[in-house]
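# Breakdown of the fold
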There are 2 protein chains.
Amino acid sequence: MNEFDYINKYFKPLTGNIGRNLKDDAAVFRQNSNKDLIISTDTLVEGVHFIGTENPSDIAKKSLRVNLSDMASMGAKPIFYNLSLSIPKEKVSFFIPRFSSGLKEDQEKFNLELIGGDLTSSPSHINITISIFGETQNGAFVSRTGARNGDLLFVSGILGLSKIGLDNFNKKSKFLSIAKKKYLIPQPRVNLGLLLNNVANSMIDISDGLVQDTTHLAMNSGLCVELDLNKIPLPNIPNISNNSLLNAALYGGDDYELLFSCNPNQEQYLKKISQTNHIKLTNIGDFKTYEDKFLKFKNTSKLPKNKSYLHF
Amino acid sequence: MNEFDYINKYFKPLTGNIGRNLKDDAAVFRQNSNKDLIISTDTLVEGVHFIGTENPSDIAKKSLRVNLSDMASMGAKPIFYNLSLSIPKEKVSFFIPRFSSGLKEDQEKFNLELIGGDLTSSPSHINITISIFGETQNGAFVSRTGARNGDLLFVSGILGLSKIGLDNFNKKSKFLSIAKKKYLIPQPRVNLGLLLNNVANSMIDISDGLVQDTTHLAMNSGLCVELDLNKIPLPNIPNISNNSLLNAALYGGDDYELLFSCNPNQEQYLKKISQTNHIKLTNIGDFKTYEDKFLKFKNTSKLPKNKSYLHF
């Protein structure tokens, strides 16, 4: 059993309406008002999600930004967050001041505030859990379940950089520095998420790799996505083969780009958003009736062999 | 620096109105409605907050209940929670099914639902973070800052049991079994918290020991508490000295009883609550003007020498 199996078997049965059956990137709570409160949680573990030798300020930013990315994928405006930090005693005095200053910088950048949390010791590694809270007008959030037959599948930015950055973390090259930076400090698409709020029929942020997250969208909407391998927006890095780049884009995680579906008549509007905000938006596939698979490929000669990352 | 110093120096400056300056057990968010949303987070770390050999179902209940206790201390009705679980791969198949069934039992008991979270692997120990969400009418939550000069200090139940249970975990005796059970599965005073919502001027749950948590109340209200050592409600356990029992009550943590202040004219009402709900409520001190100390003792001949538990 992998972590999704465990979640489905043991935790999903505990959830109800607010958790939206765990089908989305966040929970939605309507507190008798004209706004919905959007809630999401992500944990970063030393040795699993980060190496441990990074600057604690960068680790703070990454912790916050993977959560901000969940707000982006819901089309929600992030407003506050809480933090639980478990840390070995001997790391406290070096780590916490730098970690706090990283949080401060990103709080100001993204207009957020901390509301509380917990600070405890840990017998070995650092464990960081952040819950983030955002809002939308009632019912205006974008779910993973709303894709329609005939929708186009779009993705923001360029894919695979983060995995390339991680795999080449100790190599030096100016071409790799962008990739390493993207691995260290992702750029959550918060503003784009807000702009897509009325455009996207379904949306998810790419944290588990394009193949896995596309499948999430297709499965939750009960449709099939045909992904065109010729259209995937790849970085251009010398000495790394196209096959490796495509592999990183399809199966590497941590890109935190937005993957969304919309009606073909929105294409012009998306071009305008793309130009005005200097964000690449690429149509990489389309949604079809489900027959036997949630995901099909076009131009399969390029398909690398690999597996998405699973925790268990 | 201990964890409070770190929190004050590095995290408190990041908080704003919603976090209430970290003065309370939870944050309060008013979402443009007639209800306040009360939010709190607690982390349990294997090897720090639990041993690791306990039944995972009990660990689940403890994780949920320490959070429920924060809702109780705010006078809030708990409604939902999220969960982040980081766990070593080799423990997953044994731990998760039992952990989930413990959550299920307590969800039903306390009328809660899970709304989401994160499940990740961990290189060594288990780390559990739960954020809990409750509600009160607008502004009706009970803070730590509202104690008034002349208020009486009350505590629910009996103190020190949890520490006695932990210290004698491997000994067998029918007298110790209640203490061990209280250590393993605390009883959050959720209903009592709701009943005290209009009665208590200030309230906190005892998680760090009576001395530390009384000091929190006094300090946050800018007053001094005089604690009468003759009045502390202690358990009756053969072979454990009164000095050890008082020590456990004053400095041991994890009791999760409610500590609150109220006007002396509420004493009759408290007696009624106590009788109707079969919960012991004891007046153990009173609030005076602050002069040089936040905490003074009456009948100091009994005072044991010890320190509250600090993480760092």
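Residues numbered from 1 in each chain as written. Chains lettered and ligands numbered in written order. Predicted model: local features only at pLDDT ≥ 70, side-chain atom pairs only at ≥ 80, totals over all residues.

## Some remarks on the relation of the copies chain B and chain A
Once chain B has been moved 0.0 Å along the axis and rotated by 180°, it coincides with chain A to within an RMSD of 0.0 Å. As the rotation angle and translation indicate, the two copies are arranged about a two-fold axis. Distance from the rotation axis, computed per C-alpha, reaches its smallest value in chain B at B:Ser33: 2.5 Å. A symmetric contact is evident, with 100% of the interface residues of chain B recurring at the interface of chain A. (Least-squares fit on C-alpha atoms with pLDDT ≥ 70 in both. Contact = placed C-beta atoms within 7 Å.)

## Regarding the pairing of strand S3 (residues 77-87) of chain B
All names here are of chain B. Of all the 11 residues making up S3, 10 are buried; the element is thus mostly covered by neighbouring parts of the structure. Relative to strand S5 (residues 127-137), S3 runs antiparallel, the two being bridged by 9 bridges. Bridging from a neighbouring strand, Phe80 pairs with Phe133 of S5. Looking at chain direction, S3 and strand S4 (residues 113-121) are connected through 8 bridges and run parallel. Counterpart to Ser84 in the pairing with S4 is Asp118. Taken together, S3, helix H3 (residues 89-110) and S4 form a β-α-β motif whose crossover is right-handed. (Buried ≥ 20, exposed ≤ 12 C-beta atoms within 10 Å, placed from the backbone. Helix = DSSP H or I, 4+ residues; strand = E, 2+ residues; numbered from the N terminus. Pairing = 2+ DSSP bridges. Right-handed = clockwise from strand over helix to strand, strands pointing away.)

## Let's talk about the domain arrangement of chain A
Residues and elements named next belong to chain A. The domain architecture assigned to chain A consists of domain 1 (16-137) and domain 2 (152-302). Contact with domain 1, which involves 19 residues of that partner, is made by 19 residues of domain 2. Among the elements of the structure, helix H2 (56-73) and strand S3 (77-87) are those that each provide at least two residues to the side of domain 1 that touches domain 2. (Domains from an automatic or database assignment.)

## Regarding the sheet that holds strand S8 (residues 223-228) of chain A
Residue and element names in this part refer to chain A. With mixed pairing, 6 strands are arranged side by side in an open sheet as S7-S9-S6-S10-S8-S11. Single-partner strands in this sheet number two, and they are strand S7 (202-205) and strand S11 (295-298). Taking each pair of neighbouring strands and ignoring which way they run, the sheet shows an average axis angle of 25°. In this structure, S7 lies alongside strand S9 (residues 258-262), joined through 4 bridges in antiparallel fashion. Bridge pairing in S9 places Ile204 opposite Leu259. (Axes fitted to C-alpha atoms, helices over the stretch in contact; angles between N-to-C directions.)

## Let's talk about the interface of chain B and chain A
Each partner contributes residues to the interface: chain B has 57 residues there, and chain A has 57 residues. At the level of secondary structure, the elements contributing two or more residues to the side of chain B that touches chain A comprise helix H1 (3-11), strand S2 (35-45), S3, H3, S4 and S5 of chain B. Here the residues of the side of chain B that touches chain A are counted per class, giving 23 nonpolar, 27 polar and 7 charged. (Nonpolar A, V, L, I, M, F, W, Y, C, P; charged D, E, K, R; others polar.)

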